[in-house]
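Close look at the chain arrangement
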Amino acid sequence: MGRRSRVRRLQQQQQQQQRPGSAEDGAEDGGKRSGAGWEGGYPEIVKENKLFEHYYQELKIVPEGEWDQFMDALREPLPATLRITGYKSHAKEILHCLKNKYFKELEDLEVDGQKVEVPQPLSWYPEELAWHTNLSRKILRKSPQLEKFHQFLVSETESGNISRQEAVSMIPPLLLNAHPHHKILDMCAAPGSKTTQLIEMLHADMSVPFPEGFVIANDVDNKRCYLLVHQAKRLGSPCIMVVNHDASCIPRLQVDVNGKKEALFYDRILCDVPCSGDGTMRKNIDVWKKWSTLNSLQLHGLQLRIATRGAEQLVEGGRMVYSTCSLNPIEDEAVIASLLEKSEGALELADVSSELPGLKWMPGLTQWKVMTKDGQWFATWDDVPHSRHTQIRPTMFPPKDPEKSQAMHLERCLRILPHHQNTGGFFVAVLVKKSSMPWNKRPPKLQGESAEPRGPVQPGPADPMGKSVSHPLELESKPAAGISDTEATERAENLENNGNKKDGVCGPPPSKKMKLFGFKEDPFVFIPEDDPLFPPIQKFYALGPSFPKMNLLTRTVEGKRRQLYMVSKELRNVLLNNSERVKVINTGVKVWCRNNSGEEFDCAFRLAQEGIYTLYPFINSRIIIVSMEDVKILLTQENPFFRKLSSEAYSQVKDMAKGSVVLKYEPDPAKPDTLQCPIVLCGWRGKASIRTFVPKNERLHYLRMMGLEVSAEKKKERGVPTSASAASPGAPEDQLAAEQGAG
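Counting restarts for each chain, with residues numbered from 1 along the sequence as it is written. The predicted origin of the model limits local features to residues at a pLDDT of at least 70 and limits the giving and counting of side-chain atom pairs to 80 or more, whereas totals for whole chains, interfaces and linings rest on all residues. Processing note: side-chain calculations cover all non-hydrogen atoms of the structure and skip hydrogens and water entirely.

**Focus on helix H9 (residues 193–202)**
- Think of it in three bands: residues with accessible area under 20% of the maximum for their type are buried, residues over 50% are exposed, and the middle band is partly exposed, with areas taken using a 1.4 Å probe on protein chains only. Numbering of helices and strands starts at the N terminus; helices are DSSP runs of H or I of at least 4 residues and strands are runs of E of at least 2. Within H9, ten of the ten residues are buried, which leaves the element mostly enclosed by the surrounding structure.
- When we look at burial in H9, the residues that qualify are Ser193, Lys194, Thr195, Thr196, Gln197, Leu198, Ile199, Glu200, Met201 and Leu202.

What follows is the structure, given as C-alpha cells:
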C-alpha cells in the first residue's frame, strides 16, 4: 500500500504543476473549472442543449416572458431539502432541535464566498415537516464549517428520523391522501423515499401498532429492491412488503375473505413511472448532454402499460397518482389522455388545485406536437409516414375530438417548473376510478366459486349498474395492455396448485412458473399456533391475550430459528394466499432474536430494538421505568452498574431475573424543558450491570434530543459503543456472554 500511495501522491503533484491556476484560485472561483478546463480529471459538462430549448419553446410549457428564468434555474445546482419523518412521536422534538440549534448555527455563515441562507420550511408541506436551504449537496458534504450539520443529517437519516428527499418527490404521496386503513401499491418504488412517506401515513396514530392498511412496494430491478428494503427498515413497520416484478404486468393478488378467495384491489396506487428525467437536470447534469426526444418516444409505451395495469388493480372509488420527473407531454399528458380514452369513463382526472396550498404549478397542456430526435415535427397521427410507425404511436397525440378533449380536463394535471419555487421539474396527475375498466366488466364464473365481487374497501354504496370488481383469476374478455394469455393461464394453474403447498410456508415462486433473477430469497414461515417455541416467550414477557401470535414468522423451514419477525394480519393474508404468484423480497419487522445462552434465563429470545415500538403495547413484564438522567447514562456508558441508576430505576432492576428488558422513559409535562416524547429501548439485565441494545445512530439521536452532542472524539472518551455488534440484534455468542456476566 505504501508504494501505491507514493505513486498516487506523485501523480497528483504532477497534475497540480500542469494546471495554470493554483488550488487557492480554484477555491476562490467557487469550485469552478480551472483554466485547463479540468477538475478532478473530468471535463466540465456544458449546460447547453439547443434541441432541448427549441423543443420546449415550441411546446410553450413555460409562461410568456419566463424562459430565461427557467433556463437559469435549470443551470443552478439543486438545493438540499430534507423531510422530518412524520409518524414518529419525536418529530416535534427533531423540529425543535433543528430550529433552535442547527439552523441557528448556520446564521451569518459564509461558504466559498456564498452567504448561507437559513433553511426555510416548504410552504406547501404540512406542519413544517419539510425544509429547504440554498446549499447544494456538494457544499454540504465538502465544507468544514458545515461538518456538524452534515453529521447530524447523515446520522438522523440512518436512524429513520429524517429523509433527504427532493422537494417535488414529496408531492405524489401527499396527493395520494392515504389513511391508516388503506391498502396501497407503490408500483415503481425504488429507491424508496416516497414509499417511506406512505408508511408514515399508515402510522399516523402511533398508539396503533398494527394499522389495517399496508404498503406493497414493487420494483422491477432486483438490486434496487434491496435499497428499498433498507429504506423501509429504518421505519420498523410491520405493514410493508417489498416485491420484485415488472410493474406493467404485476400479478393480481388474492386474499381470503371469510373462507373465499377474492381479488385484492388497492385503495391507493402510486404510479411513479420510469421516465427520461429531464426535470432532474439540476442534479443529473448528464441529461444536458444526452437529452433527445427519442428517450420519451421509447418510454411512452411502457409508461402507458404500467398506468393501465395500475388502473385495473384500483378499487372503485380509489385514487391513483401518476407522476414523472419529466416535463415532456409525450410521457405526461399523452399517457393520461390515452388512459382516459381507453377507460371509457371508468377513470377521471381529479381536481386537486386546492389540496396543496402554497405549491406553484402550471396546468396540463391540452395541445402538443411530437418531434423526432432529428427535429422533425408531426401535429397529428395522420401526418406520420409509415416508416415512422414503429417509433411514433397514435397514443402520443392529443385527442382529435375537441369535445372529448375538453371532457378529459387535462388542465387538471400539474406541471411543476424549476424556477417557480427553486425545485426540480415534475409532472403529476391524480386519477379517480368511477367503475371497472371496460375489459373487466364481464368475468367468467370459476368452478365452485361465486363471481360476485367484494365491494370497495372504503364505505360506499354498491355500483348500481352492477359493474363491480372482477374475480382475481379472471380471464379478461378483452385483453388489456400488459396482460397476456400466458398470464391468464398461469393464474388458472396457480389456483389448481394452491392446495399442494405446506401450511404457513410462503416460499419464492417455483422457477418453472416465473424466472428468478438476483438472489433466491428464503421462504417466509409462519409460526404454528401450537409451536413449543412460543409459550416460554409469552410467559417471560407476560404478553397479553390480545397478542397476535399468528402473525409471527421466521425465514427458516428447518433447523434453529434465529430471528422472529412480525407482520400485520392483512399482510399475513396476502402472503399465505399468493406464495405461488409473487416474488417477495422482504416483509415484516424483526421483534425477537435468539440468544444462544438464553435458555438458562428462562427465554431463548431477546428483544430487538427495530421492532420494539410494535411489540411494546403487548409486553406486561420486564419493563423498567427510567428517568432522563438514566437514559443518558445507559446510552453513554458500555455496562453501567445498577448503582449508577436513579433510586427508582435501581429498586425495579435489583430483584429482576437476568435477561432481556424494556427501558421506558415517560416525559413529564410539568417539566417542559426536558425531552417531551416517550422513548422505548431494549436492554439486557446482567449480574450487576445493565446495558442497552440500540444501534449507534439511534443512540446519537436520543442523546441529541436530550441536548447532548456526541462528536467522533467524544464517543471514544465516553465509551459510546460504535461497533456494529453493539447495535446488531445478532451479536456473537461470546459478546453476549460477556454482557450477561458483566460486572
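**With respect to the sheet that holds strand E6 (residues 120–121)**
- In this description, strands pair whenever DSSP reports at least two bridges between them. With respect to topology, four strands assemble into an open sheet ordered E6-E7-E3-E8, the strand pairing being antiparallel. Each edge of the sheet is formed by a strand with only one pairing partner; in this case those strands are E6 and strand E8 (162–163).
- Sheet topology note: the strand E3 (residues 79–84)/strand E7 (residues 130–136) ladder contains four bridges and is antiparallel. Counted as the bridge partner of arginine 83 is alanine 130 from E7.
- Contacting E3, E7 and E8, helix H5 (residues 91–105) crosses the sheet at an angle of about 145° to E3. Residue contacts are defined here by distance: any two heavy atoms, one from each residue, within 4.5 Å place the two residues in contact. Between the N-to-C directions of two axes lies an angle of 0 to 180 degrees, each axis being a line fitted to C-alpha atoms and, for a helix, fitted only over the stretch in contact.

**Points about the packing of aromatic side chains**
- Only the six-membered ring of Trp is used, alongside the rings of Phe and Tyr, when aromatic pairs are assigned; centres must lie within 6.5 Å, and planes under 30 degrees apart are stacked while those over 60 apart are edge-to-face, with the rest tilted. One pass over the full model with this rule turns up 19 aromatic pairs.
- A ring pair is formed by tryptophan 67 and phenylalanine 70, whose centres lie 5.1 Å apart and whose planes are at 45°; its orientation type is tilted. In this pair, tryptophan 67 and phenylalanine 70 are both assigned in helix H4 (residues 67–75), three residues apart and thus about one turn of the helix distant. Take tryptophan 67 and phenylalanine 70: they sit in the same class, and that class is buried.

**Points about the UniProt feature "binding site: S-adenosyl-L-methionine" (unreviewed entry) in the protein**
- Look at the UniProt record and you will see "binding site: S-adenosyl-L-methionine" (unreviewed entry) annotated at Cys188, Ala189, Ala190, Pro191, Gly192, Ser193, Lys194, Asp219, Asp246 and Asp272.
- When you line up the elements, cysteine 188 lands in the loop between strand E9 (183–186) and H9.
- In this structure cysteine 188 comes out as buried when scored by relative accessible area, which is 13%.
- Beyond its immediate stretch of four places on either side in the chain, cysteine 188 contacts Asn218, Asp219, Ala247, Asp272, Val273, Pro274 and Ile306.
- Positionally, aspartate 272 belongs in strand E14 (residues 266–272).
- Assessed through its relative accessible area of 15%, aspartate 272 is described here as buried.
- Ignoring any residue separated from it by four or fewer positions in sequence, one finds aspartate 272 in contact with Cys188, Lys194, Ser323, Thr324 and Phe426.
- A distance of 3.0 Å separates polar atoms of two side chains, one belonging to aspartate 272 and the other to lysine 194. UniProt positions are given in the numbering used here, feature names are shortened, and annotations may be inferred rather than shown by experiment. The definition of a polar contact used here is a pair of N or O atoms within 3.5 Å, where within protein one atom must be able to donate a hydrogen and the other to accept one, and adjacent residues in sequence count solely through side-chain atom pairs.

**Some details on the packing of helix H20 (residues 628–636) against helix H22 (residues 696–705)**
- At a closest axis distance of 10 Å, the pairing of H20 and H22 adopts a crossing angle of 145°. Once H20 is placed against H22, the crossing between them reads as left-handed. Together, Lys632, Leu634, Leu635 and Thr636 of H20 and Arg699, Tyr702 and Leu703 of H22 make up the contact between the two elements.
- Polar here means any residue outside two lists: the nonpolar Ala, Val, Leu, Ile, Met, Phe, Trp, Tyr, Cys and Pro, and the charged Asp, Glu, Lys and Arg; Gly therefore counts as polar. For the contact of H20 with H22, the residue count by class is four nonpolar, one polar and two charged. Each crossing is labelled by how the near helix is turned from the far one, with a counterclockwise turn of less than a right angle marking it left-handed and a clockwise turn marking it right-handed.

**A few points about a positive patch on the surface**
- Patch membership needs two things, relative accessible area over 30% and no salt bridge, and members are linked within 9 Å if like-charged or within 5 Å if nonpolar (Val, Leu, Ile, Met, Phe, Trp, Tyr). With residues, only the protein chains shown are counted as cover, and all accessible areas are computed by Shrake-Rupley using a 1.4 Å probe. Take a side-chain nitrogen of Lys or Arg and a carboxyl oxygen of Asp or Glu: if they are within 4 Å of each other, that pair is a salt bridge. The convention is simple: Lys and Arg are positive, Asp and Glu are negative, and His and the chain ends are not counted. Note that the charge is assigned to NZ on lysines, CZ on arginines, CG on aspartates and CD on glutamates. The grouping of Arg137, Lys138, Arg141, Lys142 and Arg164 at the surface amounts to a positive patch.
- Mapping lysine 138 onto the fold places it in helix H6 (residues 137–142).

**Re the sheet that holds strand E29 (residues 623–626)**
- Pairing within the open sheet is mixed, and its four strands lie in the order E29-E30-E31-E32. Edge positions in the sheet fall to E29 and strand E32 (690–692), since each of these pairs with one other strand and no more. Here the average twist between neighbouring strands, direction ignored, is 35°.
- Two elements, strand E31 (residues 679–685) and E32, share three bridges in a ladder whose sense is antiparallel. Bridge pairing in E32 places arginine 685 opposite isoleucine 690.

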